[in-house]
Each structure stands twice: as structure tokens, then as C-alpha cells.
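Listed here are the chains, written in short residue letters.
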Amino acid sequence: MYFTLHSKPHHRQNASGGKKFLIMGISALSLLMVGTSAQAAVTFKNESLVIKKGIKNFDETVKGKITDDKGETLVGVIVKVKNTTLVTTTDANGAFSITIPSGTTNPVLVISYVGYTTQEVPVNGRANITIQIKSAINDLEEIVVVGYNTVKKSDLTGAVVSVGAAEIRSRPVTNALQAIQGKAAGVDITSNERPGQLGSILIRGVRSLTASNSPLYVVDGIPLQAGGIEAINPNDIESIDILKDASATAIYGSRGANGVVLVTTKKGKAGRLTLDYVGTATIENLNDRMDMMNSGEYIEFRRDAYRRTAYLNAVNGTNTQPIYNYPVIATQAADREIFKQDPNMLTNLDKGWVNGVFDGSLVPTTDWGDLVTRTGVTQDHVLSVSGGTDKIKAYGSFGYLNQTGTQLGQDFERYSGKLSVEINPVKWFKMGANLTATYGLQNYGFQAASASGAGNIYAAARGMLPLAIPFDANGNRINLPGGDINIQNPVLEADYNINLRKTLRTLGSVFAEVNLLKGLKYRINFGPDFSNFYNGRYQDAKSVNRDAGVPGSINNYAQLNQSNRFAYTLDHLLYYDKTINKHNFGVTLLQSSSSFREESSSLTGSKISLPNSLWYGLNTGNITGLDAFDTNLRKSTLNSYMARANYSFNSKYLLTASARWDGASQLAAGNKWDFFPSAALAWRLEQEDFMKNIKWVNQLKLRLGVGSTGNSSVDIGSTLGLLQPLTYTYGSSAQTGYVSSDASLANPIPLPNKLLSWEKTLQYNLGLDFDILKGRISGSLDVYQSKTTDLILLKKIASVNGYTTSFDNIGSTKNRGLDLTLNTVNVKTKDFTWESTLNFSTSKDEIVKLDNGDMVIDRFFIGQRNGVAYDFVKEGIWQNTPEDLAEIAKYKLNGVTFSPGSIKVKDLNGDYKIDANNDRQILGHYNPSWTGGLTNTFGYKQFDLSIFIVARYNFLIQTGAEPLQGRFAQRVVDYWTPTNPTNDYPAPNYASASGDQYVSALNYQDASFIKIRNISLGYNFTSEIAKKLTLSRLRIYAQAINPGLIYSKVKWIDPDLGGSTFNRGFVFGINASF
Amino acid sequence: MALLSGLMILPTSCKKSFLDEEVINSHNTSDFQTALGLDGLVIGMYQSLKFHFNYTWAYTTTNYGVDEFTVGGDRTEQMFNSYDGNFNSLSGDVASVWDNMYGSINSANIVIKNVPVYYEGANKNTRLGEGYFMRAFDYFKLVKQFGAVPLKLEPSETIQEEFTRSPAKDVYAQIILDFTQAYDLLPATVTETGRISKGAAAHFLAKAYLFRASEINNAWNSDTKTTDLQNAIKYADLVINSGSYTLATNYSDLWNFTTVDGTNETNKEVILAAQFSNNITTQGRYGNQIHLYYPSVYQTLPGMVRDLAGGREFQRLKSTDYALDVFDRINDSRFWKSFKTRYVSNNPASAPKWTAATAPTPAQVGQAKFVGGEEAVLYIVNDAGDTRYTPLIANATNPLATDLARRKPTMFVRYFAGQPQSYLNAHGNYGVSQFVALSKFMDGSRNLVASQFGQRDGIMARLAETYLIAAEAYGRLGQYAQAIPYLNKVRDRAAYKDGENRESYVDGGISYKTNPATNATALSSYSDKNTYFESNNIPVTTTNTLTAMHLNSDGDIFNSNREFFDKIGATAQSDKFIAFVLNERSRELMGELQRWEDLARTKTLVARTAAFNSEAKPIEGKHYLRPVPQSFLDVIKNNGNALSPAEKQAMQNPGW
């Protein structure tokens, strides 16, 4: 990665996407070539033949072939003669040959293979046997990871949803969150399209009122503390198990309140060696749902904004001097007056006036967005090896991702590697290590310097006036196109701003396991988690963020921020299992300590005499002093004890109970510790005699669980009464001082609350797992109800206290919902299959109690949902009709001024006054009533087609409150004018920069949507063809990403993303196994 | 096994130290129980003085919606000027003032409570005095803006949810008590520039007495009115006669900011100033941003580009005709020392060219009208009846000799030939972005052109105002003759001196010359001249104007025909006197972030805005006070419950 500071005066860079794609293709091809020498099968050495004498005196050789349920040959399948030590494996063609010693009566072959059901096949004298073995991907026999253990899915007592490697791979994703989006009921994931950025995840809705509702991520048993899940290459993931209900998450006590995402990374498997290659190439373009006014529309809009004052004077009898008295009938002279700040705009404007007649379509419109976007290209390659024996298993992978954003200046590159080794030297001891390392290089891209400015370069470009132009006749950038000092040209800013973020993340887990006695096992886990974040920023003097346009300016800017986090978890675990007849007992005991430490530093300098040094030259050779500097240290610790007991009877009745104690450093002494119990019951109905006769029911399990979890997510130091440093200069003598809190800052220090204690959630879950009609219909249904008490909130307090906020336990909420996962095989013929997977969940939270009543300021109301909009209610627009004028007159008696063209809000208490105390109400909630994902997969011979749809329903989003001042660029809206009496948007008014007095009432939109996330078409080469290419498996596919919204009420944004832009494109991928 | 079970110890026996929280790199509230910590707290508390210059609230709550200024080209905060529906209890700047004053009051409460208990050392009285001063100062700001406010006099240790508003009467009583304590405790002279002195306490105490005796408090102040006015005079005199302060010789000396922490900032007229500097670590989130708000746009004009001396033109506050006409612009130097009227070309590449129609000689056709360093922009501050200028007529083939197109520089003229005098209607070619800009706060010392971080001190009290406080108090007591000498102190100073070059001009932009960030080779827009003679259309003269400025008797006030008595309906002597003092305050303190508070307390806001500010439509009985922030009404409790709409309404100021 390198940077060039472009001194070229203009022209955007052409995307070099085509070239990159070519490179990707070639590299994929070369990998195929290399693969030809990969030898796939491993033959197990036949152990010594033990021949039992005296029964038969000749040996018999049996030959055969083993295929899977699709008829494809399998390599490395273990074939054993039952009750002997005779073993062989299938070769590259799936063939085997084994000699059965003479004297064996009724020989039986035991066929076993990882991922397949073990089968016993009587030889029955045959010399040639073709055996088809069945895939073990029978849902209820899957192994599911639960906290500190794994269980068979059939033995599960809690609500756990799993996403396997196959599903993760089914879509090309750049991070693990994308992989589970829409795939797991009750897990709501939003998207983020900036390369290298993650979306957000919410499990079973909102419980806590604090900012932190993000789940706990546990990778190979180690809770992540130094960062999130982004460090894991999705291709290294074997499975993701999401613990949803408290009976499952309580095992993580204080950390489980928002759900737990357990990630199991790939490990070597005994049996054979594999080499896999996965490669994708993605081509995307930025799409914008927001229509901006073209020049003609904008000119008329601006005229209307200027006409408003005179109109108001006329209808209200006021005598306000108009800023510019634009005539009712447009004239060229009047137009020139309102666009006079920029001669280039005048040139364009004049093109619309022909012989005294205005035709807006003749005025050129600059496509600003086109100047800052490009075709985004992503290439992703992962090469992995895996293999193992019964003593040692290993997995290794290397991944490379290169993503070029659709906006200039945004890109992301990631190198990831993983190594996993497990050694089992003696029967009673096992030790293993996992190491994941990821190095990400993200160019974050342009962001306006002011917090209220554009967040990215495209948004900045969209803010440019349509009739202004970016470059002058000499090709130099016009810094203020339009001549307004607040509208700065973002074109070329991708060259002038560098915001490089480098993240090195290393996750490890090391474990050792000792079998002490029969059934008693001790395990120690140590999980270091290291993250190094490096952010270098440079803004050139030419940037609009700096001195754009000032000749000879050397006022560049550089900043270097570094932080490193080191966290570890050290677990001691004891497991005891005992089976007495039909009774199965299991006990798990845990002691765990976690520690988190973050050290950070920051340097900022400007006017660097050697601009090319970027942030690498903040030294005395280049600057005389730093503008700002900072170092910091943050620490926290958590100590935990846990005990869990499992009991099952006859595999029919399953019981799990656990208890956990957690102590957290950031709570005040006396409130540090708390206790989190749980219990769960499951009943496998299909094991009952009365069910065994019902043939169409294969699996049926009822689960009931209850558990308690906690949340202590308050900032480090927030109960200590830390002071705000404030330095003051007396004359020129700077002296350091401090106050307890400074309200003028963006985030003033909260009032320290030493009484703060744990937030706790008690949740009940009732679940049903089913598999009927031989797998044609399977799935699970869960209903849950939770109650969260002692909610922690950084609540606003009256500033009269001298503080504006404080963490406090403020009340309780409840949440109830339903999660449904339904898998159906709709059609299954020899050549054609149609399968559907539906995930559906609803969640309804409610604030039950607030210790001090409704908290209007924080928008919490008893009996309402958490996260509600509370504002004035828009009824329409006041019209110039006798009825409306009569109403307006009644308001006027109370000193409230409305005019035709202004927003009409509901007078809730009917007193002909509109005030914040009486006339605001709850308008809706920000969390969806339900979310869902539907995948339909069609298979025809070697082809498969899958369509993935996601939906979120009934939630509000804030967008659409536009000030309509007529100063800045404007999206197309149906606004009021005396001749267009719409009820949609109010009249534009140049005099009012912040817009109509009730403009905020326009802000709440129903954001429900149904979206096709992608459509995928794949082709699996037959094993014959694959074999010719010396591959064991080969699949190629193409996918369309974001083909479109099927339903959305909001026309100008993509409600999934919250903004108006989204990327749409195609992915081409190849999966090959050697 | 024993070892293993040892690891599985129960929570009760856990190692305590593992969960102890310690933050080693921050002070905490226990420091306030030491002298050193209290010294630090007082230093931090001073930061709150800077608040009044930090951001938009500085002008929206003081200089918008008045007679002096109206909205310029950037209308972002226009509601504070127009008093329209967008100005309400949800307006952000209102809450900022409220929140920040109470934040600072909490610091003062800690000082007042802890210094007597924990402070040992020579500065004990000073620290305590600083605490009392700050609490009084902050409540004074609150009472001026909001009237009745909650009186919180104890530090906060737990969350208090229930508050009621104490009547303005009680708030004023506390303010006067605290300022008096501060006066008694503080030293007469301070050792460090910017520290609060006895004089500062006396100045604000006098001002608090004057405000309490003003019209806004007429419902309850009759008992204290006379003694308050006498006390206002008493404490003003204590400042005036203290020997610590003297008026600047030249009004310009106050604004002649040549370098950071330069001599103008230690002028003996300054009683208290919020200290800003170029020490980056002390600038905090904002710096002094007032320099942004007053300038009109010059960077888009021909021959001009934005630079350090000219500053960033946020064009928020446009001077009204009142602001220009309240001055006797021939005799009162303060006008020409407060406003910028001339710019020189710093970007000759964009200079306009003579055309065949406009060129003085044919040889000049196609040539630039001016070169770098020559005057490029002039504001002509003339009166109606001036026939020298006619509007620029684009593309005219033979423009009049008086057409602006015939002139070298770009000119903005207040009245063209034949235009009638008006305070409310547009005239001349001034516009929303081109107006005569107040230049008292210009700051050429900033470390880059785009920087919002101003480094000039913000003057909070200066001796000229002390004189005006005393003069007003005498006038309010009906003792007009006694008021005259005080008024003359500031008026005489404002007169041109013998030999004074009236064209000479200086503003804080001049500090660009000592600013290391200045590009030495680049041209500057800075001009050391104004348009005095061209605007006034009089021949050059250097005789003094003392006679014209000096008041010989109260008759000079009551019989004046240039004090707008007719415009604002002042007929009684007492009304005329107040009107005159308010005009004199305009002349002396133009734009110095006080105006709204003066007009509100004298209840002259409605009449004056009606006369002079076309957009401002304050409502009698409503707009003399700001709305209590909704964020306060929405968060407080009554008997453990959130306030009902009716309770909130009852706690809100009338009309809001």
C-alpha cells in the first residue's frame, strides 16, 4: 500500500478495477495448476493381522466402492471389518479392497467417515460391494457449541441457533457478521458498506437501555475483549452458534445479557488431508435512491424560497424586509441576482433563458456524484489445508482480501492467517493451540472536518449545487462552486485526505486437558487477545478541510493515533461425567479471570514543512511543536466462578442447571459482585413409546429454560469521580486545573454514582424442535419473555446538578418475542430440488417501570417500547383556504403564528396553542416488530440457484426533515407553493435556515422493507470432470448483490442501510478442493 | 486434585486486589480536599469565563434580535433575531447557557464549601472570593436571561431530581450577597493577568444593583430601587477611584491587537477579560470564536481572497442602519474605530478590468482596475441625500459619471442619489453578505486562515462601562447633572484629538504581521485606512472634536434631535435619559455581547426592534426572558414523578 499526493490539478483517478480482476483470475488459475500435484488420499497402515484360527481356513478379498448419497465417490473412507483390527481406506477413486481372514463368521464391514453416519454392511459373501453412505448432516445430530462445552444438538436444552460453514460459504462475505445476516432467527444484523466496516448486531431485540446492546463474542472458548468478530476470516469459521436465551447465556453471567455468539474455527480432521481454495471477485457500483434536484428544478426552488417573505408579508400583514424580493413572475435579471455569487453559475443560468423565456431543461446539471465514485472491485482468496491422524490434527489457512470501495478514497485490504494444532500424545492428555492473526489496512476515506459535515465524499458531492461546476477553464478546482462559503468542493478530496487505519489482531487460545479419573477431566484455557490499532491521518493544505483556496498555504495536518489492547482470559475447568444405567450426570466447574488493558497515544501536528512525510515526520525537523498530544491507559478486570450440572434420563429428559458469580472492577466497592443462576429442561418426545408409532414425526423436543444474566457495561472509572482537566492561561502563563464536569464539552463527565449496581435480566424460554416427514419439514420455534431490572442508563440529569448525565439504575423493562426457524424441502426429485429456509422473529420490548416516572428527556416512557420517537405530529400543510385561515386565526389569538405553506401539527390538547409540553406524543419505535430472512434454493442437476430475501418490519427511521431554505442542494420533494397546495412538504423559505418551526415532525418514516439481498447461481462440476482437473470438488458461481428492494415506503433511502446509497453488483466465485 | 480445587475457590475468598479499580492518570474529586486541588479547581473554574466567547450562544443570546444587529448572509441562528417559531424551549443555545452556568456554579459551590475547611495558605481569601464572584457572575447571567431560576448553593454529590425556580428577587439577593462577599475577600490588585480583582467584583456588583433597579423588575423592586441605585454609584465609584483602572487614551488602543497577549490586553481600562492565548493545550474545544461572526464577505469580491487579517466571514451579524446612525460619524471616532470600511487587494489575479464603457482613458481598456496592495473594496457610510453615487448598471454602454462601474475599487454605498432615508427598508447596495462589519474582535493571530480558534482575550468588563453604570444610576435617581461628568468621561475620550489622522485605522487583523503562520511573500487584505473622508464627504481636517462630543448640560441630552426619541417614543425626561444612555452604550459597547440584556431589562426591546430591525418581532411580555430549556422541564421531577404538561407549563416563562 502506498500513497501518492496528487499534484495533478484535476481529473479523478480511473478505477483500475479491470486490471485487478484480471490479476485475480490469473491467480486463481495458477492455483488450479499448482493443485495438480496435490496428493489427496492417505492410506492408513493396516495394523497387524490377527487371524483367528479354526473357523475358516481361507481368506476372502472384498472389493468395493463407496459413494455419498449423491453418488459421488468418497476418498479416505475408513473401512473396517467388525470385531477385528483390520482397516483400510478408500483411494482417490473411492475404491477399497480388504481381505477378510478365514474363519470370520458373517463378516460385517464398518464404514466410517467424518461427517457421515457410520454404517455396518454385512458382506454376505459378495466380492464386490458398492456402498452408499449417508451424510450425517441430520440437524439434530449436529454438535452444537454451548458455553464451555459442546453437546449433541439433540441434547440441547437452551435456545441456540447455528450457522454452519456451508451456509457461511454460500454467500461471498467479507466478514462474519454478514455471513449470519438473515440466517438466524432472532439475530438482527444491519449492514455497513464502507469497506472494512462492520454492521451492527442485535440478538432478540433491545433489553438494556445503555448504548451497549452488542453480544459477547466467544472464539474457540475465549471471550473477545480487545475487539469484535471482524478479525476472523469467515472462511476459517466452522460454525457460529448463537446463544439466545438466558438459560444458555447465563453461563457467561455478566457478559451474556445481550446474547452470546460462539465462533468455532476450523480444525484439522482425522482421516485425510485436504487442500481447499475459495476465490471470489466482486464488482459493485454505488446506487443512490435519493433524487437530487436538477438545475432547472433547483432554480425554481430557489426562487420560491426567496418569494416566501413577500408572501408571508401579504398573508400575515407583517412588514419584514425580504432578503431579496424575488418577483412572482421569474425574470432573468432576478435570477441573476440570486445566483450572482458565482459567474459560472450565471453562465449556466443564462443558457436557460432564451429570448426572455426560461426553460430549465436547458441549464446544464453537473453530475457531482460521478466525479467521486468508481466501480468497486473486491477480490478474496483463501487457501486452506487440513488434516490429521488420531494423534495430531492440524488446520492452516491464509486469506487475502482486497476491496476497492465504490467511493474514491475508500478501500480495504486484509491478510489473515490461521493455524490450529491439537496433539493427543497419550490417552489421558490432550493439548492444542489456535492462533488467528489478521492484518487489516483500511483507507477510511474523506470525511468533512466538522462533525456536522458530510460523512463521506459522495455525501459531500451530493451537497454541491447542480448548476455550479467543479473545474475552471484552466482545469483548476473551483474551491467554492456556487460562491457560497459553506459549500466546498469535495472533488479531489480523495487525494488530499488520507485516513489509514491499520489493525493487527492476534487471537489465541491454548488449552490442555487431562483425564484425571474415568469421567473426570481438568482443562485449562488461556486466551490472549491482542489488538494493535494504528490510525494515520493526513490532510493536505489544499483540502477543503484545511486551507482550500488560500494561495501558498502550507497548512497541512497530520495525526497519528495508536492504541494497543491486551486482554486475556484464564479459565480453569473441571468436568465430571457419569452414567449409571439410564442416568447421565455431568458437572462443569469454572474459575475464570479476565483482564483488559488499553494503552493509547496520539500526536497531532500541522504545517509540516515536508508534506510528503505525512504523519511519519512529526519531528523537530519538520514542525516546531505538536498541536495536541495525549496518552491514556484504561484497565478493567472481571473475576468469575461457575458451576453447571447436566442430567439426563434415558435420553428423554434432559436437565441443565448453572450458577455463576461475577465480580467487575468498574462497579463501586460493595456492588461489584452478583449471582446469575439458570435452569433448563428438555423433553425428547419422540423417544417416548407413545410417539414411536407416529412415523411421520422423526424428532420432537420441548425445551423450557430460565436464566439470569447481567450487565455492567459502564465506562471504566465512572464511579470514581474523575476530574475534567481544564487549562487556563493567565496572561500568557498556562496553568493546569480541573473541574468535576464541563458542560461545554461534547461528552461531559457524568456524576459519579457510587450506588450503581448490576443490571440483571431474567429470561424464560419455551422452545420446540421438530423434524417431521423424514426431514421434509424441520426447524424450531421459541417463545421467550424476559425482564430486565436495575437498568443501567447514562441518563440525563438536570444540569442544575453541575453535571448533565449520570449512570444510574433506573427501572425495568420486559421483552417478549418469538423466533421461528423453518426448513422445508418443497420438492425433491432425482434432478430437481427446492428447499426453503425461513427465519422469522418478533420481539416486543416494553418499559415496565421507571423509578422516577417517565423520562421524557431520554425518551423513555412507562408502558412504551424502548427507543421511541416523541415529537410534534404532522397533520399536513396549512392551506390558503377559508377553513384553514379561520383555524390559523384562532391560533393567532394565542400568539401562535401559522401561515399557508407551513407545517400543520396536531394540537393534541385542543387549546389552540402548540407547545412542547402538551403537543408532543410518541410517534413510533425504532426497533422493528419483526425481522425475517428467507432463502429459497433450487437445484437442478449440477446447477443450483438460491435467492435470499431479508425483511425488517414496522420501525421508524429519522429522515426527511429538510429545512428547505433554498441555500443548499436539495433532493426532489413535493413542496408547497401558492400554486401547488400539497400536504407533503412546507414552503421553502430563504429567511429560515433551520426550516419550518415544526420541521422535526417530518422526520419519522416507516422504514419497513423487504429486500432481495442476493441471487446466486452455482454450478457443481461432476466428480468425473473434477477428477480430470485433479480436483475432488469444484464449484463455480455467480451472484447478484443487492438486486433490489421489493418493498419500502421510504423512496429516498435504503432503510436497511439508513442512508440513500447502496452498492449493487456481481460476484464471481470458485470453490475448489484438491 | 488439591491444587485444582484450590483454584476453584469461592467468590468470598477471591483476591480483592484483582477487582480494585484505580485510574492512575486522572485527578478525582478527593483532590478538592487539598489546597493544591482547590487551586486547580479555581483554575478550571476560570475556564467558564471563556464560555461567553466560545460559540454561537455568545451572540445569539446577546446581540441578535436587537437594534444594533440583524441577520447577515448566514441565517443559521436567525430565530434568535426574528423571535419566530423556531426560537423555543428546544433551542440549543438557550440550554447551553443554562447547562454551562450551572456547571460553573457547581465548581463555585465546591470552592465556597471546601476552601474554609481544607484550604491552608496565603491565598485562602482570594480563592474564596473567586468562588463567590463566579457563583454571583453565573447567577447574574442566568437571571438576566431566564429571570427566576433554581438556586443551588451546595455542591452535588448525589443526583438531585426535584427543583423549583426561585423568584428573580431571591436570585438577585443571592447575587448581590455573593458579589459583596467577593468584593470583601478579593485583593485590590492581582498578581496574574486575568485574575478576578476587587475592582471586578465592584463593577459587577454595581451592575447587578443597576439591573435589579431596572424596569423588568418593577413588579417587586420598589423597596430596594433607590438604595440599589445609590449602591450602583457607590461601587462604580469604588472602581473608578481605585487607582487601578484608567480609560484607554485612544479608543483604538482597546482593539489594537498586534500580537497574542499583546499590550491592548493589559490596558488599564480592562477590569476583567476571559483569557485566551496561543497555547494550544488551553484552547479547549472552541477558543474565542467571536471573530467569526461579525465580518462580511470579502473573499468572493474581485481582487480578493480570504486571508488571516481579513478572517473568516461567518456573516452572522449584520450592522443595522441604527448601528451606523447612532454615531455622530463626523465627530465620534468610535464609529471609525469599531467598523471596517476598506480592504486592499490581495489577489490581483481576480481584479476587475476596465471596459470601453467605464475606462477613464481608452488606453486603460482591458487593464486591471487595480493591482495588488491597492484599495479593492470600500464601504461608503453616507447619509440619504448624498448625490455622488448611482448604482452600477451592468453592461451599460455609457454609464453615468456617478455609476459605481466608473470606480476603481468595488464600492458598497449606503445611499445612492435620490434614495430616501430609512431604518427598515433596503437602500444603497449593501446586502446580506456585504455590510459594514464590526471589527472589534478581528484576530489575525490565528494559526491558520481556516482556524476558528481565536486567541484574543474576551473583555467582560472595562472602565468605560463602569462610568456608564454610574451615569445611568444617577439619571435613574433623577440627578441628571451628576450623570453628565460620567458620560463626558467616555464621550470626551471618543472625540478626535488635535492632529489625529481620522483616516487612520486599526483592527485585530493587524496581528497577522507578527503571526508566524503568515506567508511573508503574500499580499494581505489588511488596510490601515478607513473611508472617513470619502464617506463623510468633508475636506481633510485634524482639529479636535471635543466640543461636539462634550455634553455641557443635561439639556444637550433632552434637546438632542439625533437620539431617536421620536422613533422609540421617548417624551418624558426620564425616558429620554434612558434612551440616551442606551444609545451611548451602543456607541461605546457596540457588539460587545450585552445588548439584548440591556434592552430586555429596560423593556425597550420591542420598541427599539420595531424601529430599527425589520426582521425582529419580539412580543411584549414574552421576549424579555428566554424560555426555560425543555431539557430541564423534561428531566426534573415533582414528588418522584415527571412533571405533567401543566406543571411544566407552570414552570415555563410566560408566553413560551
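Each remark here, short or long, concerns the structure printed above.
If you're wondering where the values come from, they're calculated on a predicted model, not measured in any experiment.

Section: the nonpolar core
So, step 1. Membership of the largest hydrophobic core comes to 172 residues, with the highest contact counts inside it found for B:F133, B:I175, B:F179 and B:F632.
So, step 2. Within the second largest apolar cluster, 70 residues are counted, among which are A:V363, A:F446, A:A460 and A:Y496.

Some thoughts on the sheet that holds strand 13 (residues 216–219) of chain A
So, step 1. Strand order in the open sheet formed by five strands is 10-15-16-13-14 (chain A), and the pairing between neighbours is mixed. Among the strands making up the open sheet, the edge pair consists of strand 10 (160–164) and strand 14 (222–223) of chain A.

Brief notes about the interface of chain A and chain B
So, step 1. Counting residues at the interface gives 108 residues for chain A and 111 residues for chain B.
So, step 2. In total, about 8,700 Å² of surface goes out of reach between chain A and chain B, with carbon and sulfur atoms giving 58% of it.
So, step 3. For the pair chain A and chain B, the interface holds three salt bridges.
So, step 4. In this structure, the salt-bridge partner of A:R967 is B:D74, at a minimum N-O distance of 3.5 Å.
So, step 5. Here chain A and chain B share 33 residue pairs in polar contact (both at pLDDT 80 or more) between them.
So, step 6. Top contributing element to the side of chain A that touches chain B by residue count: strand 28 (residues 628–649) of chain A, with nine residues.
So, step 7. A breakdown of the residues in the side of chain A that touches chain B according to their chemical character gives 46 nonpolar, 46 polar and 16 charged.

Some words on the packing of aromatic side chains
Residue and element names in this part refer to chain A.
So, step 1. Inspection of every chain in the model, using the stated rule, returns 87 aromatic pairs over all chains.
So, step 2. Relative to F675, the ring of W661 has its centre 5.1 Å away and its plane inclined at 35 degrees; by these criteria the two rings are tilted. Here F675 lies in strand 30 (residues 673–684) and W661 lies in strand 29 (residues 653–664), a separation of 14 residues in the sequence.
So, step 3. With a relative accessible area of 28%, W661 lands in the partly exposed category.
So, step 4. Taking relative accessible area as the criterion, F675 reaches 33% and is therefore assigned partly exposed.
So, step 5. Seen from their ring centres, Y891 and F898 are 4.9 Å apart, and the 85 degrees between their planes marks the pair as edge-to-face.
So, step 6. Residue classification places F898 among the buried positions, given a relative accessible area of 3%.

Comments concerning helix 11 (residues 882–893) of chain A
Residue and element names in this part refer to chain A.
So, step 1. In this model, helix 11 (twelve residues) spans 17 Å end to end at C-alpha, consistent with the 16 Å of a helix rising 1.5 Å per residue.
So, step 2. Here helix 11 has its buried residues at D884, I888 and Y891. Buried residues of helix 11, seen end-on, are gathered within an arc of 55 degrees and therefore sit on one face of the element. Exposed and facing more than 90 degrees away from the buried side of helix 11 are P882, E883 and L893.
So, step 3. Elements that come into contact with the buried residues of helix 11 comprise strand 41 (874–877) and strand 42 (903–905).
So, step 4. Positive phi shows up at G895, right after helix 11, with a value of about 80 degrees.

Considering the packing of helix 9 (residues 225–240) of chain B against helix 13 (residues 463–476) of chain B
Residue and element names in this part refer to chain B.
So, step 1. The N-to-C vectors of helix 9 and helix 13 enclose an angle of 150 degrees; their axes lie 9 Å apart at closest approach. As summarised for this structure, helix 9 and helix 13 are arranged roughly antiparallel, according to the angle between their axes. Like other packed secondary-structure pairs, helix 9 and helix 13 cross with a definite hand, here left-handed. Between helix 9, through L229, A232, I233, A236, D237, V239 and I240, and helix 13, the contact on the second element is made entirely by L463, T466, Y467, I469, A470, A473, Y474 and R476.

Notes on the pattern of salt bridges
So, step 1. In the structure shown here, the tally under the stated rule is 90 salt bridges over all chains.
So, step 2. Its salt-bridge partner being A:D782, residue A:R703 comes within 2.9 Å of it at the nearest N-O pair. Of this pair, A:R703 sits in strand 31 (residues 697–711) while A:D782 sits in strand 35 (residues 777–789), and the two are 79 residues apart along the sequence. For the residue pair A:R703 and A:D782, the accessibility class agrees, reading buried in each case.
So, step 3. The closest approach of N and O atoms between B:E269 and B:R493, which form a salt bridge, is 2.6 Å. Taken together, the residues B:E269 in the loop between helix 9 and strand 2 (270–274) and B:R493 in helix 14 (residues 480–494) connect sequence positions 224 residues apart. Side by side, B:E269 and B:R493 carry an identical accessibility label, which is buried.
So, step 4. Residues participating in the shared-partner salt-bridge network are B:E269, B:D332, B:R334, B:K440, B:R462, B:R491, B:R493, B:E563, B:E584, B:R587, B:E588 and B:E592.

Brief notes about the sheet that holds strand 7 (residues 128–132) of chain A
In a beta sheet, neighbouring strands are held together by backbone hydrogen bonds and run either parallel or antiparallel to one another.
Residues and elements named next belong to chain A.
So, step 1. Strand order in the open sheet formed by three strands is 4-1-7, and the pairing between neighbours is mixed. Two strands lie at the open edges of the sheet, namely strand 4 (95–100) and strand 7, each paired on one side alone. On average, adjacent strands in this sheet sit at an angle of 30 degrees to one another, irrespective of strand direction.
So, step 2. Pairing of strand 1 (residues 60–67) with strand 7 involves five bridges; the strand directions are parallel. When the bridges of strand 7 are listed, K63 appears paired with N128.

Here's the deal with a nonpolar patch on the surface
All names here are of chain A.
So, step 1. Residues Y653, L655, L681, W683, F690, L702, L704, L766 and V783 make up a contiguous nonpolar surface patch of roughly 750 Å² in combined accessible area.
So, step 2. Of all the secondary-structure elements, those providing two or more residues to the nonpolar patch are strand 29, strand 30 and strand 31.
So, step 3. Accessibility expressed as a relative area gives 34% for Y653, which makes it partly exposed.

Quick look at unusual backbone geometry
Residue and element names in this part refer to chain A.
So, step 1. Phi at N954 takes a positive value of approximately 60 degrees, unusual for a residue other than glycine.
So, step 2. Inspection of the secondary structure assignment puts N954 in the loop between strand 45 (943–953) and strand 46 (956–958).
So, step 3. Judged by relative accessible area, which is 33%, N954 ranks as partly exposed.

A word on the packing of helix 7 (residues 168–185) of chain B against helix 8 (residues 198–212) of chain B
All names here are of chain B.
So, step 1. Contact geometry for helix 7 and helix 8: axes closest at 8 Å, N-to-C directions at 160 degrees. The orientation of helix 7 with respect to helix 8, classified from their angle, is roughly antiparallel. As for the relative orientation of helix 7 and helix 8, their crossing is left-handed in sense. On the side of helix 7, the interface is formed by Y172, A173, I175, I176, F179, T180, A182, Y183 and D184, while helix 8 contributes K198, A201, A202, F204, L205, A208, Y209, F211 and R212.

Rules of the game
Residues numbered from 1 in each chain as written. Chains lettered and ligands numbered in written order. Predicted model: local features only at pLDDT ≥ 70, side-chain atom pairs only at ≥ 80, totals over all residues. Heavy atoms only, no water. Core = buried A, V, L, I, M, F, W, Y, C linked by side-chain atoms within 4.5 Å. Buried < 20%, exposed > 50% of the residue type's maximum accessible area, 1.4 Å probe, protein only. Pairing = 2+ DSSP bridges. Helix = DSSP H or I, 4+ residues; strand = E, 2+ residues; numbered from the N terminus. Contact = heavy atoms within 4.5 Å. Buried area = accessible area lost by both parts, 1.4 Å probe. Salt bridge = Lys/Arg side-chain N within 4 Å of Asp/Glu carboxyl O. Polar contact = N/O pair within 3.5 Å; in protein donor to acceptor, adjacent residues only side chain to side chain. Nonpolar A, V, L, I, M, F, W, Y, C, P; charged D, E, K, R; others polar. Phe/Tyr/Trp six-rings, centres within 6.5 Å; stacked < 30°, edge-to-face > 60°. Expected span 1.5 Å × (residues − 1). Arc of directions from axis to C-beta. Axes fitted to C-alpha atoms, helices over the stretch in contact; angles between N-to-C directions. Parallel < 35°, antiparallel > 145°, perpendicular 65-115°, else oblique. Left-handed = near helix turned anticlockwise from the far one by under 90°. Patch = residues over 30% accessible without salt bridge, like charges linked within 9 Å, V, L, I, M, F, W, Y side chains within 5 Å. Areas by Shrake-Rupley, 256 points an atom, 1.4 Å probe, with all protein chains shown as cover.

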